[in-house]
Amino acid sequence: MQFARAISVFFVLISLAVSATAGPAFSKKELRQLLVGNTFPLSKGAMYVAPDGNLHAIWEGKTEITTWKIRSGGRICYFLKMFKEKECLRFERNDAETYLQVFGNTKRKFPYSAIKPGKAF
């Protein structure tokens, strides 16, 4: 079952990377396919985007659960008490192997392979 899910995630990621000609930001549908049910890395932690609408975050060893919402412009938005304000992360296409995670003026490049199926922390 886990292997089948990993293969499914791999094919979704490849299809998203191939459709990179549509523009830099992922569409709402593409971002859902990329993130929901998966864990993506942060600079000092990670987030798991649960299909039930919950977001599990780990940052510098602290954990918290909140809710998430996909917005236009390739953004996932949430409120974490540990950060004290509503935040949105933007996801942009980069190339067939990497994507960009944008927060404020900071862009970080990650390989698609860094996104793991299920809750990976």
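Draft legend 1. Representation of the state of the cysteines within the structure. Tallying each qualifying case throughout the model produces one disulfide. Residue pairing for Cys 77: its cysteine sulfur links by disulfide to Cys 88, the two sulfurs lying 1.9 Å apart. Taking the sign of the S-S torsion, 110° for the link of Cys 77 and Cys 88, the bridge is right-handed. Remark: Cys 88 occurs in strand β6 (residues 85-93) and Cys 77 occurs in strand β5 (residues 75-80); sequence separation between them is eleven residues.

Draft legend 2. Fine view of the sheet that holds strand β1 (residues 38-42). With antiparallel pairing, nine strands are arranged side by side in an open sheet as β8-β7-β6-β5-β4-β3-β2-β1-β9. Every interior strand has two partners, whereas the edge strands, β8 (106-111) and β9 (116-117), have only one. With six bridges connecting them, strand β3 (residues 54-59) and strand β4 (residues 62-71) associate as antiparallel partners. By the bridge assignment, His 56 is partnered in β4 with Ile 65. The strands that helix α2 (residues 28-35) touches are β1, β2 (45-49), β4, β5 and β6; relative to β4, the one it contacts most, it runs at about 150°.

Draft legend 3. Region of the structure containing the packing of aromatic side chains. Counted according to the given criterion, the structure contains five aromatic pairs. Where Trp 59 meets Phe 83, the ring centres are 5.5 Å apart and the plane angle is 90°; that geometry is what we call edge-to-face. Of the two residues, Trp 59 sits in strand β3 while Phe 83 sits in the loop between β5 and β6, which places them 24 residues apart along the sequence. Accessibility expressed as a relative area gives 22% for Trp 59, which makes it partly exposed. Aromatic rings pair up to connect Phe 40, Phe 91, Tyr 99, Phe 110 and Tyr 112 into one cluster.

What counts, and at which threshold
- Residues numbered from 1 in each chain as written.
- Predicted model: local features only at pLDDT ≥ 70, side-chain atom pairs only at ≥ 80, totals over all residues.
- Heavy atoms only, no water.
- Disulfide = S-S within 2.5 Å.
- Helix = DSSP H or I, 4+ residues; strand = E, 2+ residues; numbered from the N terminus.
- Pairing = 2+ DSSP bridges.
- Contact = heavy atoms within 4.5 Å.
- Axes fitted to C-alpha atoms, helices over the stretch in contact; angles between N-to-C directions.
- Phe/Tyr/Trp six-rings, centres within 6.5 Å; stacked < 30°, edge-to-face > 60°.
- Buried < 20%, exposed > 50% of the residue type's maximum accessible area, 1.4 Å probe, protein only.

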